[in-house]
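# Architecture and fold: a report
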Amino acid sequence: MNIFVSKHPLVQQKISALRQASNTSQAFRELTDGIGRLLMYEATLDLSLIVDNTKQVHSPVSTYHPVSIATQHALVPILRSGLGLLNAASDFLPHAQVHHLGLFREESTLLPVEYYNKLPQKCTVDECIVLDPMIATGGTADAAIKILKTWGVPRIKFVTICASRQGIERLSKEHPDVQFYVAVIDNELNEQGFVVPGIGDCGDRLNNTGSS
(Lines give C-alpha, C1' and ligand atoms only; values in the text may rest on other atoms or scores of the structure.)
Protein backbone atom coordinates (compact mmCIF):
# COMPACT_ATOMS: atom_id res chain seq x y z
CA MET A 1 0.00 0.00 0.00
CA ASN A 2 1.33 3.44 -0.91
CA ILE A 3 -1.01 5.43 1.37
CA PHE A 4 0.44 6.43 4.75
CA VAL A 5 -2.15 7.82 7.17
CA SER A 6 -0.65 9.51 10.22
CA LYS A 7 -1.39 7.83 13.55
CA HIS A 8 0.14 10.65 15.59
CA PRO A 9 -2.27 11.85 18.30
CA LEU A 10 -1.21 15.47 17.81
CA VAL A 11 -2.18 15.22 14.13
CA GLN A 12 -5.63 13.97 15.08
CA GLN A 13 -6.06 16.72 17.67
CA LYS A 14 -4.99 19.39 15.20
CA ILE A 15 -7.31 17.99 12.51
CA SER A 16 -10.22 18.28 14.93
CA ALA A 17 -9.30 21.91 15.58
CA LEU A 18 -8.71 22.64 11.88
CA ARG A 19 -12.21 21.50 10.91
CA GLN A 20 -13.91 24.16 13.05
CA ALA A 21 -15.74 26.72 10.90
CA SER A 22 -15.15 29.42 13.52
CA ASN A 23 -11.36 29.47 12.96
CA THR A 24 -9.77 32.75 11.94
CA SER A 25 -7.44 32.63 8.93
CA GLN A 26 -4.50 33.02 11.30
CA ALA A 27 -5.61 30.01 13.34
CA PHE A 28 -6.21 27.99 10.18
CA ARG A 29 -2.74 28.86 8.85
CA GLU A 30 -1.08 27.93 12.15
CA LEU A 31 -2.88 24.60 12.34
CA THR A 32 -2.11 23.83 8.68
CA ASP A 33 1.56 24.59 9.30
CA GLY A 34 1.66 22.42 12.42
CA ILE A 35 0.05 19.45 10.67
CA GLY A 36 2.38 19.98 7.73
CA ARG A 37 5.43 19.68 9.97
CA LEU A 38 4.23 16.41 11.46
CA LEU A 39 3.48 15.02 7.98
CA MET A 40 6.86 16.15 6.65
CA TYR A 41 8.57 14.28 9.49
CA GLU A 42 6.86 11.10 8.29
CA ALA A 43 7.47 11.82 4.60
CA THR A 44 11.23 12.24 5.15
CA LEU A 45 11.85 9.20 7.36
CA ASP A 46 13.22 7.17 4.43
CA LEU A 47 15.74 9.71 3.13
CA SER A 48 19.20 8.32 2.41
CA LEU A 49 22.30 9.80 4.03
CA ILE A 50 25.89 10.31 2.94
CA VAL A 51 28.74 10.29 5.44
CA ASP A 52 31.73 12.29 4.20
CA ASN A 53 34.72 10.34 5.46
CA THR A 54 37.10 12.75 3.72
CA LYS A 55 36.22 15.63 6.07
CA GLN A 56 36.41 16.15 9.80
CA VAL A 57 34.32 18.77 11.58
CA HIS A 58 34.93 19.98 15.12
CA SER A 59 32.33 19.57 17.84
CA PRO A 60 32.92 21.25 21.24
CA VAL A 61 34.72 18.12 22.49
CA SER A 62 36.00 16.18 19.46
CA THR A 63 35.75 15.76 15.68
CA TYR A 64 33.30 13.87 13.50
CA HIS A 65 32.51 13.11 9.87
CA PRO A 66 29.66 15.30 8.52
CA VAL A 67 26.41 13.76 7.32
CA SER A 68 24.16 15.10 4.55
CA ILE A 69 21.05 14.08 2.64
CA ALA A 70 21.97 12.03 -0.43
CA THR A 71 19.09 13.08 -2.71
CA GLN A 72 18.15 16.35 -4.38
CA HIS A 73 14.58 17.50 -3.75
CA ALA A 74 11.98 19.84 -5.14
CA LEU A 75 8.97 21.06 -3.20
CA VAL A 76 5.92 21.58 -5.42
CA PRO A 77 3.04 23.49 -3.80
CA ILE A 78 -0.16 23.48 -5.84
CA LEU A 79 -1.44 27.05 -5.95
CA ARG A 80 -2.85 28.51 -3.99
CA SER A 81 -3.62 26.37 -0.95
CA GLY A 82 -0.40 24.35 -1.23
CA LEU A 83 1.47 27.45 -0.08
CA GLY A 84 0.05 26.81 3.38
CA LEU A 85 2.35 23.79 3.68
CA LEU A 86 5.43 25.32 2.08
CA ASN A 87 7.05 26.90 5.15
CA ALA A 88 6.87 23.61 7.04
CA ALA A 89 8.31 21.66 4.12
CA SER A 90 11.05 24.24 3.51
CA ASP A 91 12.15 24.06 7.13
CA PHE A 92 12.64 20.30 6.76
CA LEU A 93 14.40 20.57 3.38
CA PRO A 94 15.92 24.07 3.31
CA HIS A 95 18.07 23.39 0.24
CA ALA A 96 15.23 22.00 -1.89
CA GLN A 97 14.18 23.66 -5.11
CA VAL A 98 10.66 25.16 -5.04
CA HIS A 99 8.46 24.91 -8.13
CA HIS A 100 4.87 26.12 -8.19
CA LEU A 101 2.07 24.52 -10.18
CA GLY A 102 -1.15 26.44 -10.76
CA LEU A 103 -4.17 24.15 -11.01
CA PHE A 104 -7.79 24.73 -10.14
CA ARG A 105 -10.93 22.64 -10.30
CA GLU A 106 -13.57 23.87 -12.74
CA GLU A 107 -16.76 24.07 -10.71
CA SER A 108 -19.22 22.68 -13.25
CA THR A 109 -17.16 19.73 -14.53
CA LEU A 110 -14.91 19.20 -11.45
CA LEU A 111 -12.03 18.76 -13.92
CA PRO A 112 -8.57 20.28 -13.29
CA VAL A 113 -7.43 23.32 -15.27
CA GLU A 114 -3.73 24.22 -15.47
CA TYR A 115 -2.94 27.93 -15.43
CA TYR A 116 0.67 28.14 -14.19
CA ASN A 117 3.68 25.94 -14.86
CA LYS A 118 7.25 27.24 -14.85
CA LEU A 119 9.11 23.97 -14.41
CA PRO A 120 12.65 24.15 -15.84
CA GLN A 121 13.15 22.41 -19.16
CA LYS A 122 15.34 19.77 -17.55
CA CYS A 123 14.60 17.91 -14.31
CA THR A 124 17.61 18.10 -11.97
CA VAL A 125 16.14 16.55 -8.80
CA ASP A 126 15.75 13.00 -7.55
CA GLU A 127 12.44 13.48 -5.77
CA CYS A 128 9.49 15.87 -5.76
CA ILE A 129 7.24 16.40 -2.77
CA VAL A 130 3.87 17.76 -3.86
CA LEU A 131 2.05 19.92 -1.31
CA ASP A 132 -1.74 20.31 -1.33
CA PRO A 133 -3.88 20.34 1.84
CA MET A 134 -6.90 18.70 0.19
CA ILE A 135 -7.63 15.78 -2.13
CA ALA A 136 -11.32 15.61 -3.09
CA THR A 137 -12.03 13.87 -6.40
CA GLY A 138 -8.29 13.48 -6.98
CA GLY A 139 -8.38 15.23 -10.35
CA THR A 140 -6.04 18.08 -9.45
CA ALA A 141 -3.58 15.76 -7.72
CA ASP A 142 -3.64 13.40 -10.70
CA ALA A 143 -2.91 16.27 -13.08
CA ALA A 144 0.00 17.49 -10.95
CA ILE A 145 1.52 14.01 -10.74
CA LYS A 146 1.25 13.54 -14.49
CA ILE A 147 2.93 16.91 -15.10
CA LEU A 148 5.85 15.91 -12.88
CA LYS A 149 6.17 12.48 -14.45
CA THR A 150 6.28 14.07 -17.89
CA TRP A 151 8.97 16.42 -16.56
CA GLY A 152 11.00 13.30 -15.73
CA VAL A 153 11.31 13.24 -11.95
CA PRO A 154 12.25 9.72 -10.76
CA ARG A 155 10.24 9.72 -7.53
CA ILE A 156 7.18 11.58 -6.24
CA LYS A 157 5.67 11.95 -2.78
CA PHE A 158 2.38 13.71 -2.08
CA VAL A 159 1.69 15.41 1.25
CA THR A 160 -1.94 16.28 2.01
CA ILE A 161 -3.95 17.01 5.12
CA CYS A 162 -7.45 15.79 4.24
CA ALA A 163 -8.45 13.34 1.50
CA SER A 164 -11.67 11.70 0.46
CA ARG A 165 -11.51 7.92 0.42
CA GLN A 166 -12.70 7.91 -3.19
CA GLY A 167 -10.02 10.38 -4.29
CA ILE A 168 -7.05 8.86 -2.46
CA GLU A 169 -7.90 5.29 -3.49
CA ARG A 170 -8.23 6.42 -7.11
CA LEU A 171 -4.80 8.07 -6.97
CA SER A 172 -3.21 5.11 -5.23
CA LYS A 173 -4.47 2.79 -7.96
CA GLU A 174 -3.52 5.06 -10.88
CA HIS A 175 -0.11 5.97 -9.41
CA PRO A 176 1.20 2.97 -7.44
CA ASP A 177 4.72 4.42 -7.66
CA VAL A 178 3.74 7.58 -5.72
CA GLN A 179 3.69 7.69 -1.91
CA PHE A 180 0.81 9.58 -0.29
CA TYR A 181 1.17 11.00 3.23
CA VAL A 182 -2.22 11.91 4.68
CA ALA A 183 -3.38 13.30 8.00
CA VAL A 184 -6.99 12.10 7.72
CA ILE A 185 -9.23 10.28 5.22
CA ASP A 186 -12.93 11.17 5.18
CA ASN A 187 -15.39 8.70 3.70
CA GLU A 188 -17.89 11.05 2.08
CA LEU A 189 -17.66 13.16 -1.09
CA ASN A 190 -20.82 15.16 -1.79
CA GLU A 191 -22.43 16.05 -5.13
CA GLN A 192 -20.49 19.32 -5.31
CA GLY A 193 -17.22 17.45 -4.99
CA PHE A 194 -16.49 18.57 -1.41
CA VAL A 195 -15.08 16.23 1.22
CA VAL A 196 -17.42 15.70 4.19
CA PRO A 197 -16.87 16.65 6.97
CA GLY A 198 -13.63 17.89 5.41
CA ILE A 199 -11.81 21.12 6.22
CA GLY A 200 -13.57 23.51 3.84
CA ASP A 201 -12.06 25.57 1.02
CA CYS A 202 -8.41 25.71 2.07
CA GLY A 203 -7.49 28.54 -0.27
CA ASP A 204 -10.23 30.77 1.12
CA ARG A 205 -9.62 29.79 4.73
CA LEU A 206 -5.86 30.33 4.49
CA ASN A 207 -6.20 33.71 2.80
CA ASN A 208 -9.37 35.08 4.43
CA THR A 209 -11.20 35.28 1.10
CA GLY A 210 -14.66 34.12 0.12
CA SER A 211 -16.73 32.17 2.60
CA SER A 212 -15.48 29.25 4.69
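I will try to describe carefully the structure that is included in this document. These figures come from a predicted structure and were not determined experimentally.

## Some thoughts on the nonpolar core
Formed by 32 residues in total, the largest nonpolar core has its most connected members in Leu75, Leu131, Val159 and Ile161. Elements represented by at least two residues in this core include exactly α1 (9–18), α2 (25–43), α3 (86–92), β10 (127–131), β12 (155–164), β13 (179–186) and α6 (202–207). Per element, the largest residue contribution to this core is seven residues, and it comes from α2. Setting aside residues no more than four positions away along its own chain, Val159 makes contact with Leu39, Met40, Ala43, Leu85, Ile129, Val130, Leu131, Asp132 and Tyr181. Cys128, Ala144, Ile145 and Ile156 belong to the second-largest nonpolar core, a separate cluster that totals 29 residues.

## Some thoughts on the environment of Lys157
Within the fold, Lys157 resides in strand β12. For Lys157, a relative accessible area of 0% translates into the label buried. Here the alpha-carbon distance between Lys157 and Lys146, two residues eleven residues apart in the chain, equals 13 Å. Lys157 has contacts with Ala43, Asp46, Leu47, Glu127, Cys128, Ile129, Val130, Gln179 and Tyr181, leaving out every residue within four places of it along the chain. Engagement of the side chain of Lys157 in a polar contact is seen with the backbone oxygen of Ala43, the distance being 2.6 Å.

## Some thoughts on the packing of aromatic side chains
All told, the structure shown has three aromatic pairs when counted by the stated rule. Judged by centre distance (5.0 Å) and plane angle (15°), the rings of Phe4 and Tyr181 are stacked. Note that Phe4 is positioned in strand β1 (residues 3–5) and Tyr181 in strand β13, a separation of 177 residues in sequence. Here Phe4 falls in the partly exposed class, since its relative accessible area comes to 32%. Among the residues examined, Tyr181 registers a relative accessible area of 5% and is labelled buried. Arranged with centres 5.9 Å apart and planes meeting at 35°, the rings of Phe158 and Phe180 form a pair that is tilted. Of the two residues, Phe158 sits in strand β12 while Phe180 sits in strand β13, which places them 22 residues apart along the sequence. Like Phe158, the residue Phe180 is buried in the burial classification.

## Let's talk about unusual backbone geometry
Residue Arg80 is reached from Leu79 by a cis peptide bond, and omega for that bond is 0°. Note on placement: Arg80 falls in the loop between β6 (73–79) and α3. In this structure, Pro197 follows Val196 across a cis peptide bond, with omega equal to 0°. A positive phi angle is found at Asn208, which is not glycine, with a value near 60°. Residue placement: Asn208 occurs in the segment after α6.

## Digging into a nonpolar patch on the surface
A cluster of nonpolar side chains, Leu49, Val51, Val67 and Ile69, forms an exposed patch at the surface whose accessible area comes to about 350 Å². Among the elements of the structure, β2 (49–51) and β5 (67–69) are those that each provide at least two residues to the nonpolar patch. Here Val51 is to be found in strand β2. For Val51, a relative accessible area of 44% gives the class partly exposed.

## Description of the pairing of β12
With nine of ten residues buried, β12 is to be regarded as a mostly interior element. In terms of strand pairing, β10 meets β12 through five bridges, oriented parallel. By the bridge assignment, Glu127 is partnered in β12 with Arg155. Pairing geometry for strand β11 (residues 134–135) and β12, over two bridges, is parallel. Within β12, the residue paired with Met134 across the bridge is Cys162. Once the chain exits β11 it traverses helix α4 (residues 139–151) before rejoining the sheet at β12, and the crossover so formed is right-handed. Where β12 lies against β13, seven bridges are found, and the strand directions are parallel. Within β13, the residue paired with Phe158 across the bridge is Phe180. Remark: the β12/helix α5 (residues 165–174)/β13 crossover connection has right-handed handedness.

Parameters and conventions
- Residues numbered from 1 in each chain as written.
- Predicted model: local features only at pLDDT ≥ 70, side-chain atom pairs only at ≥ 80, totals over all residues.
- Heavy atoms only, no water.
- Core = buried A, V, L, I, M, F, W, Y, C linked by side-chain atoms within 4.5 Å.
- Buried < 20%, exposed > 50% of the residue type's maximum accessible area, 1.4 Å probe, protein only.
- Helix = DSSP H or I, 4+ residues; strand = E, 2+ residues; numbered from the N terminus.
- Contact = heavy atoms within 4.5 Å.
- Polar contact = N/O pair within 3.5 Å; in protein donor to acceptor, adjacent residues only side chain to side chain.
- Phe/Tyr/Trp six-rings, centres within 6.5 Å; stacked < 30°, edge-to-face > 60°.
- Patch = residues over 30% accessible without salt bridge, like charges linked within 9 Å, V, L, I, M, F, W, Y side chains within 5 Å.
- Areas by Shrake-Rupley, 256 points an atom, 1.4 Å probe, with all protein chains shown as cover.
- Salt bridge = Lys/Arg side-chain N within 4 Å of Asp/Glu carboxyl O.
- Pairing = 2+ DSSP bridges.
- Right-handed = clockwise from strand over helix to strand, strands pointing away.

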